Amino acid sequence: MNKGIIEKTEKWVKAQLINEESGHDWYHILRVTRTAQQIAKEEHANDEIVTLAALVHDLADDKVAQNEKEALKKIDEWFKENGLGDEAIAQIISIITTISFKGGNGQPVSTLEGKIVQDADRLDALGAIGIARTFVYSGHKGQPMYDPELPVRNEMSIEEYRHGKSSAVHHFYEKLLKLKDQMNTTTGMKLAARRHAFMETYLEQFYQEWNGR
Ligand code: ADP
Ligand code: NI
């Protein structure tokens, strides 16, 4: 693995996400990258592709980038400048355009490396970290932590969410508790099962305290 390009890319990404407040901050990237590397080892995937794709996976997301096309072009140029081969660059670009929920229009991720980065990204929405991110996000959007009178809806788009009413606890049912059944790799599934169980325990305790027991 080419350590130089990875270290350089880490610095490059960190500098861009330093003021990021949408839940896609540098430490999200770092956690996703470490988890993706762990899964890549277990699944015998290409470590360099997985690492680089994980590092840049949110840079072209519409929550982070003003212009997704330009952001992709910038990523492409960055890797070219740093001597990465055309095939590897194409693989990375394909991974980051297909992994997000809306990006790729629901197309399944085709390569093992892409599946791994997607699993790692989803894992960061689960468990203790996932719970924390959800409450931070909800607070940021001015939503309550819970509202027992609100119905549980199916997963909402960001736009619907901005206009509709939800709560942090509702988001568990709208998205988080569904993720364990959407994992691609066996290693991802195992990691998700533990984090899922932790969220169920958390909700049980939450309702007990909410109801004064
Ligand atoms: P990503 O693009 O990394 O998959 P999102 O942008 O959908 O994630 O969400 C970033 C974080 O904010 C995640 O942890 C997610 O669970 C949380 N989040 C997203 N939408 C909501 C919501 N409607 N209510 C509460 N938390 C949310
Ligand atoms: Ni992400």
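These numbers come from a predicted model, not from an experiment.

Caption draft 1: Representation of the coordination of the nickel ion (ligand 2) in the model. The coordination sphere of the nickel ion (ligand 2), as far as protein atoms go, consists of His28 (NE2), His57 (NE2), Asp58 (OD) and Asp121 (OD), spread over 2.1 to 2.5 Å. Taken in sequence order, the residues that donate to the nickel ion (ligand 2) follow the motif H-x28-H-D-x62-D. Here Asp121 lies in helix α6 (residues 112-123) and His57 lies in the loop between α3 (47-56) and α4 (68-81), a separation of 64 residues in the sequence. You can call His57 buried: its relative accessible area is 5%.

Caption draft 2: Layout of α3. Along α3, eight of the ten residues are buried, which leaves the element largely enclosed by surrounding structure. Within the span of α3, buried status applies to Ile49, Val50, Thr51, Leu52, Ala53, Ala54, Leu55 and Val56. Taking the backbone nitrogen of Glu48 as reference, a side-chain oxygen 3.0 Å away marks Asn46 as the first, capping residue of α3.

Caption draft 3: Structural view of the environment of Ile39. With respect to the secondary-structure elements, Ile39 resides in helix α2 (residues 26-43). Classification of Ile39 by relative accessible area gives buried; the value is 0%. On a C-alpha basis, the gap between Ile39 and Ala120 in space is 7.9 Å, while along the polypeptide they are 81 residues apart. Not counting the four nearest positions on each side in its chain, Ile39 is found in contact with Ile116, Asp119, Ala120, Leu123, Thr185, Thr187, Gly188 and Leu191.

Caption draft 4: Just the side chain of His196, in detail. Its place among the elements puts His196 in helix α10 (residues 186-210). Exposure remark for His196: the relative accessible area of 8% places this residue in the buried category. In this structure, His196 is in contact with Leu177 and Lys180, ignoring residues within four places of it in sequence.

Caption draft 5: Fine view of the packing of helix α1 (residues 3-17) against α2. Between α1 and α2, the least distance of the axes is 9 Å, while the angle of their chain directions is 145 degrees. Only Trp26, Ile29 and Arg34 of α2 make contact with α1, whose side of the interface consists of Glu10, Val13, Lys14 and Leu17. A breakdown of the residues in the contact of α1 with α2 according to their chemical character gives four nonpolar, no polar and three charged.

Caption draft 6: Molecular detail of the packing of aromatic side chains. The full count for this structure, using the stated rule, is ten aromatic pairs. For the pair Tyr146 and Tyr207, a centre-to-centre distance of 5.7 Å together with 65 degrees between the ring planes defines the contact as edge-to-face. Here the residue Tyr146 occupies a position in the loop between α7 (127-140) and α8 (158-163), and Tyr207 occupies one in helix α10, the gap between them amounting to 61 residues. Judged by centre distance (5.8 Å) and plane angle (20 degrees), the ring pair of Phe206 and Trp210 falls under stacked. A residue pair is termed a helical-turn pair when its members lie 3 or 4 positions apart in one helix, as Phe206 and Trp210 do in helix α10 at four residues. The buried category is assigned to Phe206, whose relative accessible area is 11%. One aromatic cluster in this structure is built from Phe135, Tyr146, Phe172, Tyr202, Phe206, Tyr207 and Trp210. The ring of Tyr137 carries Lys141 above its face, with NZ or CZ at 5.6 Å from the centroid.

Definitions and limits used
Residues numbered from 1 in each chain as written. Chains lettered and ligands numbered in written order. Predicted model: local features only at pLDDT ≥ 70, side-chain atom pairs only at ≥ 80, totals over all residues. Heavy atoms only, no water. Donors = N, O, S within 2.8 Å, 3.2 Å for Na, K, Ca; no water. Helix = DSSP H or I, 4+ residues; strand = E, 2+ residues; numbered from the N terminus. Buried < 20%, exposed > 50% of the residue type's maximum accessible area, 1.4 Å probe, protein only. Polar contact = N/O pair within 3.5 Å; in protein donor to acceptor, adjacent residues only side chain to side chain. Contact = heavy atoms within 4.5 Å. Axes fitted to C-alpha atoms, helices over the stretch in contact; angles between N-to-C directions. Nonpolar A, V, L, I, M, F, W, Y, C, P; charged D, E, K, R; others polar. Phe/Tyr/Trp six-rings, centres within 6.5 Å; stacked < 30°, edge-to-face > 60°. Lys NZ or Arg CZ within 6 Å of the ring centre and 35° of its normal.

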